[in-house]
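Each chain is listed here by its residues.
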Amino acid sequence: MSTLIEKHIVSLLAEKDDRAIALLYENYGDTLFGVAHKVVKDEDLAQDVLQESFIKIWKKADSYDPSKAKLFTWLFRITRNTAIDKLRSVNNKASKEVQIDVSDVYKVGVKGISPDHMDVQDNLDKLEEKYRIVLEALFFDGMTQQEASEELDIPLGTIKSRLKIGLRELGKFYGTTLALALVINLIP
Amino acid sequence: MREKINTFLASDLLEKYLLGETTKEESQQTERYIAMYPEVRGSYEELQRNLQIFAQQYAMPTPEGLKEIIISAAKKEKRHHYRFLRFAVAASVAIMLFATTSYFLWNQNKSLQEENVLVTNQIKYLESNMMNQLEDMRNQFIVLNNPDTRKVEVKGKEEGKDLKAIAYINPVKKLSYINLGKVPELPENKVFQMWAEVNGELVNLGVIKPLDDKDKLLALPYGEKAIGYITVEPKGGNKAPSVENIVANITF
């Protein structure tokens, strides 16, 4: 997304202009929905999470400080935390209610990825499994580094380095994809 | 400096901050490093970009109709917010009004309490004054009517030769009064002052004012073998009687 649109959304948010929500949804909705789905692993719950997150974003609009975080970082934090909270609250009731069929939900998620997202899906595939597992545990499962270390049976130091390297590798893929796209666009 | 930056970058503070998982102190420290060191700022920017890339890889098309639900919920929330704001403004005004009224009432109550204390004290003073006056009148009545009362005529000499007074002494009731019938005028710088020697102790009974009521009885301290004196003293009275200026004696 261009910085111009981001700036426009930020100024609309600051003014509590309704149009900000529509623009946020159009530009970040799919990614945030994917994040929510990745955490809660259920489409209905992910919808709830996205709705709650947008309301929180709307309520906290005037507290967003662009000097402290990019707009997406701020949106991601809110959505991720809302999703983790939702998952915890669902899990608290889980003993009394029907368990979520993870494998079934997973299929829905994979089917739901549109061709528009396939390029980035390719990037994800390129990212070595060992990095992806660590990033997902930390970003989507709400684990601390210590918890991830215990859960994945990987030393804490390795978790830290895989987080750093994994994030750096992603940048490289993105750079490559971007360069490729530019080259393709330049070919007559 | 470099070592400091490297240590910071090697720690996982920046990654934790990225996810909003730092404590308040850690956030402050991280924000300080981001603001101060371009290298840290660059790393943070890169982390943010990569986080977005990573998250985008999980993007899923949102279900149909969800956008409308969310927009409608946000608009509803906005209305709630404004309603709440209106309510908050109204509540603030009410609180202000209540606080002002409370302060006014408290203040009024305080001054009323102070006034009440003042009035109570005045009543107590008047009561005590009245009791003293009644007691005095009662004693005067006793002295004047009691057959045991001795009437002693006091005559002045020298400068006070025109002074005429009558002392009433009642040894049974142990009361004594004096009526200053005639107090001659003295030069402006002199006054008559009355004293009593009771049980070996000299008591100053004060300056005699010529304008006092002629029928007024002044109480004298009673004592066996007490002696009363009237002296001429400098204006304003004296602390001790000037023996050479005694113009009258009152023997009990």
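Throughout this description, residue numbers start from 1 for each chain and increase along the sequence as written. Chains and ligands are labelled sequentially in the order written, the chains with letters from A and the ligands with numbers from 1. Only residues with pLDDT of at least 70 are given local features in this predicted model, and only at 80 or more are side-chain atom pairs given and counted; all residues enter the totals for whole chains, interfaces and linings.

A closer look at the sheet that holds strand E5 (residues 201–208) of chain B
Residues and elements named next belong to chain B. Between any two strands, pairing holds if DSSP finds at least two bridges. By definition, any uninterrupted DSSP run of H or I lasting at least four residues is a helix, any uninterrupted run of E lasting at least two residues is a strand, and each is numbered from the N terminus. The strand order E5-E4-E7-E8 describes an open sheet built from four strands, whose pairing is antiparallel. In the strand order of this sheet, the two ends are held by E5 and strand E8 (246–251), each with one partner. Ignoring which end each strand starts from, the neighbouring axes of this sheet average 25° apart. As defined by bridge partners, strand E7 (residues 227–234) adjoins E8 across five bridges and the pair is classed as antiparallel. By the bridge assignment for E8, glycine 228 is matched with isoleucine 250. Between N-to-C directions, angles cover 0 to 180 degrees, with each direction set by a line fitted to C-alpha atoms, over the stretch in contact for helices.

Some points on the confidence of the model for chain A
Atom-level detail of predicted coordinates should not be read off regions where pLDDT is low. Residue and element names in this part refer to chain A. Residues with a pLDDT of 70 or more make up 73% of chain A, whose mean pLDDT is 78. pLDDT runs from 0 to 100 and stands for how confident the predictor is about each residue. Any pair of residues counts as being in contact when their C-beta atoms, constructed from backbone geometry, are within 7 Å of one another. In this model residues 99–118 is a low-confidence stretch, pLDDT under 50, and it forms 18 contacts with partners more than four residues away in sequence or in other chains. When the criterion is pLDDT under 50, residues 178–188 qualifies, and its contacts beyond four places in sequence or with other chains add up to zero contacts.

Looking at the interface of chain A and chain B
Listed as interface residues are 45 residues of chain A and, on the opposing side, 34 residues of chain B. When contributions to the side of chain A that touches chain B are tallied by element, the ones reaching two or more residues are helix H2 (19–40), helix H3 (43–59), helix H4 (71–94), helix H5 (102–112), helix H6 (118–126), helix H7 (129–139) and helix H9 (156–186) of chain A. When residues of the side of chain A that touches chain B are assigned to their parent elements, the largest contribution, 11 residues, is made by H2 of chain A. Taken together, the residues of the side of chain A that touches chain B sort by class into 21 nonpolar, 15 polar and nine charged. Only Asp, Glu, Lys and Arg are considered charged in this grouping, and only Ala, Val, Leu, Ile, Met, Phe, Trp, Tyr, Cys and Pro are considered nonpolar; every other residue, Gly among them, is considered polar.

Considerations on helix H4 (residues 38–56) of chain B
Think of an α-helix as 3.6 residues a turn; residues three or four steps apart then line up on the same face. Compared with the 27 Å implied by 1.5 Å per residue over 19 residues, the 27 Å span of H4 of chain B between its first and last C-alpha is a close match. Among the residues of H4 of chain B, those classed as buried are Ser43, Tyr44, Leu47, Asn50, Leu51, Gln52, Phe54, Ala55 and Gln56 of chain B. Helices are assigned an expected span. That span is 1.5 Å times one less than the residue count. Each residue is classified by how many other C-beta atoms fall within 10 Å of its C-beta atom, where C-beta atoms are placed from the backbone; a count of 20 or more means buried, 12 or fewer means exposed, and values in between mean partly exposed.

Section: the sheet that holds strand E3 (residues 175–182) of chain B
All names here are of chain B. With antiparallel pairing, four strands are arranged side by side in an open sheet as E1-E2-E3-E6. Unpaired on one side and paired on the other, strand E1 (150–155) and strand E6 (217–220) mark the two borders of the sheet. Averaged over all pairs of adjacent strands, the angle between strand axes in this sheet comes to 25°, irrespective of strand direction. The sheet contact formed by E1 and strand E2 (residues 164–170) spans six bridges and is antiparallel. Residue pairing in the sheet places arginine 150 in a bridge with isoleucine 169 of E2.

Quick word on the environment of glutamine 51 of chain A
Relative to the helices and strands, glutamine 51 of chain A is located in helix H3. Apart from residues lying up to four places away in sequence, glutamine 51 of chain A is in contact with Ile69, Ile70 and Ala73 of chain B.

Description of the nonpolar core
By size, the foremost hydrophobic cluster in this structure holds 56 residues, and its most contacted members are Ile21, Val35, Ala36, Leu75 and Val134 of chain A. Leave out the neighbours within four places in its chain, and valine 134 of chain A touches Ala148, Ile159, Arg162, Leu163 and Gly166 of chain A. One finds Val154, Leu163, Ala167 and Ile169 of chain B within the second-largest nonpolar core, a separate group that totals 26 residues. Note on terminology: a nonpolar core is a set of buried residues of type Ala, Val, Leu, Ile, Met, Phe, Trp, Tyr or Cys, with members joined through C-beta atoms within 7 Å.

Description of unusual backbone geometry
Residue and element names in this part refer to chain A. Residues other than glycine seldom take positive phi values, yet lysine 41 does so here, at roughly 60°. Note that lysine 41 resides in the loop between H2 and H3. Of note, aspartate 153 is a non-glycine position whose phi angle comes to about 55°, a positive value. Structurally, aspartate 153 is set in the loop between helix H8 (145–152) and H9. The exposure class of aspartate 153 is exposed, given the 7 C-beta atoms found within 10 Å.

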